[in-house]
Amino acid sequence: MPLSVLNRPRKVKSNISNQNHCVNRNNLIHIQTCPNDQISVPSSLNIVHLNIRSLRNIVHLTEVKELVKLNNIDVLTISESWLNSSVTNREIAIDDYKIHRLDRLHKKGGGVCAYIKKNIKATVLKDLSKVSVSNFHQLWINLQCQKNKSIIICVTYRPPDTSLNCFEDLLKPNYVQALTLNKQILVLGDLNCNMLENGQERRVLTNFSTELNLTQIIKTPTRITATSQTLIDVILVSSTALVRESGVINTSISDHLPVYVLLKLKAPKMPACYITTRSYKNYNPSLFSSDLVTKSDRLLSILSNPNVNTILETFKDVLHSTLDVHAPLKTFKIRNRSCPYVTNEIKELMKSRDLHLRRFQLTRDEGDWVVYKEYRNNVKTKIKAAAKDHTFNEVREHKHNSRSLWKIINNIIPLKEKETQVYSKDPKTVAEDFNLFLLLWDGTLLRQPKV
């Protein structure tokens, strides 16, 4: 069932009492939910955007992994990643996805990125991708899905203090340049323009979209507080004919709700991954040793053989032929592992949290908001505690195995990567900023008092 149908409020009469800000808990609105609430549809490319407000937050990252797994997302774009050069890709990795980042390096916060399935060919358009001096973010990526015609996505973020002129001065020139590639274009991100309020921000973005023949396809609030509802996370498409379905996912990972679009493109299937290894399920050391004893004549013969290669081949043949009987080679299909510390209890808490958020959306009652916040905080506390306990138990279990112990440590404190990040500016601008830095630095030295 499409998500848009599941999340559509039912027309039910409510007799909730609001006297003295108390809620009659025995007569709450019934909200129909589905345990497998997913947005994935066969033969569709599933693209989701979320303002995460820090990927470095272990709770946010854990919930993003669950979101990707539950909805089988092909492309997940993120705004306000809050990443910098001290955070490696390995720390924020998601299995079977490759990440493309555009960090805001000269100031805390900000930053955008995109998780893209490894079987989708993705190329960053570096000439268009940058963080401007006014902090307007643009990460342009070309996506190629099998034999389908490729499309271009732009992950963008406009901070509240960035001028609205950025659409005309920064986004428009890059969009026009991208049009010359003759491909469909999607612009996703938090532009901090409330499309539910008839103000200047909405008018500027609407005029910009109309001029460039873009259509904004998200229609419901994406950020909800106790006192307000705003639509600031948008998806702009160059052609609505490409859109199968779009909407908002009612899950409360951050204070923004994820927005999604299903495109009429066949998403490539991830190729199955297999490994061949020995199965020690029925292995018995005593029987293995006894079987080797029966072949002792061949093993002893290597002592009188002067040819090293013959000795090695004989030894390998005896050992492998015996192992094939007691620990035969088997081929296994590797399945994606779920987050080991996200228990069924935590998953149920997450569902209850999202249910109470939907309830608040319907009632707008202060009591329902308080209950939702309790569930939200409880989920965060449980995930943090579960992650800590999982790491502690892993270390304690493998404390006598140095190889496994170092593997655990490396997962907690990843090594620095050699992979370079996307340049936030063009080389000429980088050179000019570097020259300016040297001039300012030299001036600072000149102003320092002589000792």
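Computed from a prediction, not measured in an experiment: that's the story for all the values here.

(A) Region of the structure containing the sheet that holds strand S2 (residues 75-79). Strand order in the open sheet made by the six strands is S3-S4-S2-S1-S15-S14, with mixed pairing throughout. In this open sheet, the two strands that pair with only one neighbour each are strand S3 (97-102) and strand S14 (243-248). Neighbour-to-neighbour, the strand axes of this sheet turn through a mean angle of 15°, independent of strand direction. Relative to strand S15 (residues 259-263), strand S1 (residues 45-51) is paired through five bridges, and the arrangement is antiparallel. Paired with Leu-45 across the strands is Leu-263, a residue of S15.

(B) Expanded view of the pattern of salt bridges. Evaluated as defined, the whole model comprises 14 salt bridges. As a salt-bridge pair, Arg-101 and Asp-103 come within 2.6 Å of each other at their nearest N and O atoms. We note that Arg-101, like Asp-103, is buried. Two residues, Arg-298 and Asp-317, come together in a salt bridge whose shortest N-O distance is 2.9 Å. Of this pair, Arg-298 sits in helix H6 (residues 296-301) while Asp-317 sits in helix H7 (residues 308-326), and the two are 19 residues apart along the sequence. Arg-298 sits in the partly exposed class, given a relative accessible area of 39%.

(C) Summary view of the side chain of His-60. On the secondary structure map, His-60 appears in helix H2 (residues 58-71). Residue classification places His-60 among the buried residues on the basis of a relative accessible area of 7%. At 3.1 Å, the side chain of His-60 and the backbone oxygen of Ser-54 are in polar contact. The contacts of His-60, once residues within four sequence positions are left out, are Ile-52, Arg-53, Ser-54, Ile-253 and Ser-254.

(D) Inspection of the packing of helix H3 (residues 166-179) against helix H4 (residues 200-211) at higher detail. Here H3 crosses H4 at 35°, and the two axes come no closer than 11 Å. Crossing geometry of H3 relative to H4 is assigned as right-handed. Here H3 contributes Phe-167, Glu-168, Leu-171 and Lys-172 to the contact with H4, which in turn contributes Val-204, Leu-205, Phe-208 and Glu-211. Residues that form the contact of H3 with H4 fall into these classes: five nonpolar, no polar and three charged.

(E) Molecular detail of the nonpolar core. In terms of nonpolar packing, the biggest core is built from 61 residues, with Ile-47, Trp-140, Ile-151, Ile-153, Phe-167, Leu-186 and Leu-263 touching the most fellow members. When residues of this core are assigned to their parent elements, the largest contribution, six residues, is made by strand S8 (residues 151-157). One finds Val-48, Leu-50, Leu-67 and Ile-249 within the second-largest nonpolar core, a separate group that totals 23 residues.

(F) Local environment of the packing of H2 against helix H9 (residues 366-397). Look at H2 against H9: their axes get within 9 Å of each other, and the N-to-C directions meet at 95°. In terms of axis orientation, H2 runs roughly perpendicular to H9. Across the interface between the two elements, Ile-58, Val-59, Thr-62 and Glu-63 from H2 touch Val-379, Lys-380, Ile-383, Lys-384 and Ala-387 from H9. The class makeup of the residues in the contact of H2 with H9 is five nonpolar, one polar and three charged.

(G) Structural detail: the packing of aromatic side chains. Applying the stated criterion across every chain, the model contains six aromatic pairs. Consider the rings of Tyr-280 and Tyr-283, whose centres lie 5.4 Å apart with planes at 80°: the pair is edge-to-face. A network of ring pairs unites the aromatic residues Phe-136, Phe-167 and Phe-208 as a single cluster.

(H) Highlighting the pairing of strand S7 (residues 137-144). Counting buried positions along S7 gives seven out of eight residues, so the element sits mostly inside the fold. Sheet analysis places strand S5 (residues 121-124) next to S7, joined by four bridges and oriented antiparallel. Across the sheet, Thr-123 pairs through a bridge with Asn-142, a residue of S7. One ladder, built from two bridges, connects strand S6 (residues 130-131) with S7; its direction is antiparallel. The residue of S7 that forms the bridge with Val-131 is His-137. Remark: five residues form the turn of the hairpin made by S6 and S7, two consecutive strands paired antiparallel; Asn-135 in that turn has positive phi of roughly 75°. Bridging between S7 and S8 involves seven bridges; their strand directions are antiparallel. Note on S8: the bridge partner recorded for Trp-140 is Cys-154. The loop that links S7 with its antiparallel partner S8 comprises six residues; one of these, Gln-146, has a positive phi angle of about 50°.

(I) Looking closely at a nonpolar patch on the surface. A cluster of nonpolar side chains, contributed by Trp-406, Ile-409, Ile-412 and Ile-413, occupies part of the molecular surface with about 420 Å² of accessible area. Accessibility expressed as a relative area gives 55% for Trp-406, which makes it exposed.

(J) Up close: the environment of Tyr-341. Note on placement: Tyr-341 falls in the loop between strand S17 (329-333) and helix H8 (344-363). You can call Tyr-341 buried: its relative accessible area is 13%. In this view, Tyr-341 contacts Ile-58, Thr-62, Ile-346, Ile-383, Ala-386, Ala-387 and His-390; residues no more than four positions away in its chain are not counted. A polar contact is formed between the side chain of Tyr-341 and the side chain of Thr-62, at a distance of 2.8 Å.

(K) Representation of unusual backbone geometry within the structure. Residues other than glycine seldom take positive phi values, yet Asn-72 does so here, at roughly 50°. Structurally, Asn-72 is set in the loop between H2 and S2.

Procedures and definitions
- Residues numbered from 1 in each chain as written.
- Predicted model: local features only at pLDDT ≥ 70, side-chain atom pairs only at ≥ 80, totals over all residues.
- Heavy atoms only, no water.
- Pairing = 2+ DSSP bridges.
- Helix = DSSP H or I, 4+ residues; strand = E, 2+ residues; numbered from the N terminus.
- Axes fitted to C-alpha atoms, helices over the stretch in contact; angles between N-to-C directions.
- Salt bridge = Lys/Arg side-chain N within 4 Å of Asp/Glu carboxyl O.
- Buried < 20%, exposed > 50% of the residue type's maximum accessible area, 1.4 Å probe, protein only.
- Polar contact = N/O pair within 3.5 Å; in protein donor to acceptor, adjacent residues only side chain to side chain.
- Contact = heavy atoms within 4.5 Å.
- Left-handed = near helix turned anticlockwise from the far one by under 90°.
- Nonpolar A, V, L, I, M, F, W, Y, C, P; charged D, E, K, R; others polar.
- Core = buried A, V, L, I, M, F, W, Y, C linked by side-chain atoms within 4.5 Å.
- Parallel < 35°, antiparallel > 145°, perpendicular 65-115°, else oblique.
- Phe/Tyr/Trp six-rings, centres within 6.5 Å; stacked < 30°, edge-to-face > 60°.
- Patch = residues over 30% accessible without salt bridge, like charges linked within 9 Å, V, L, I, M, F, W, Y side chains within 5 Å.
- Areas by Shrake-Rupley, 256 points an atom, 1.4 Å probe, with all protein chains shown as cover.

Purely geometric numbers; function is a separate question.
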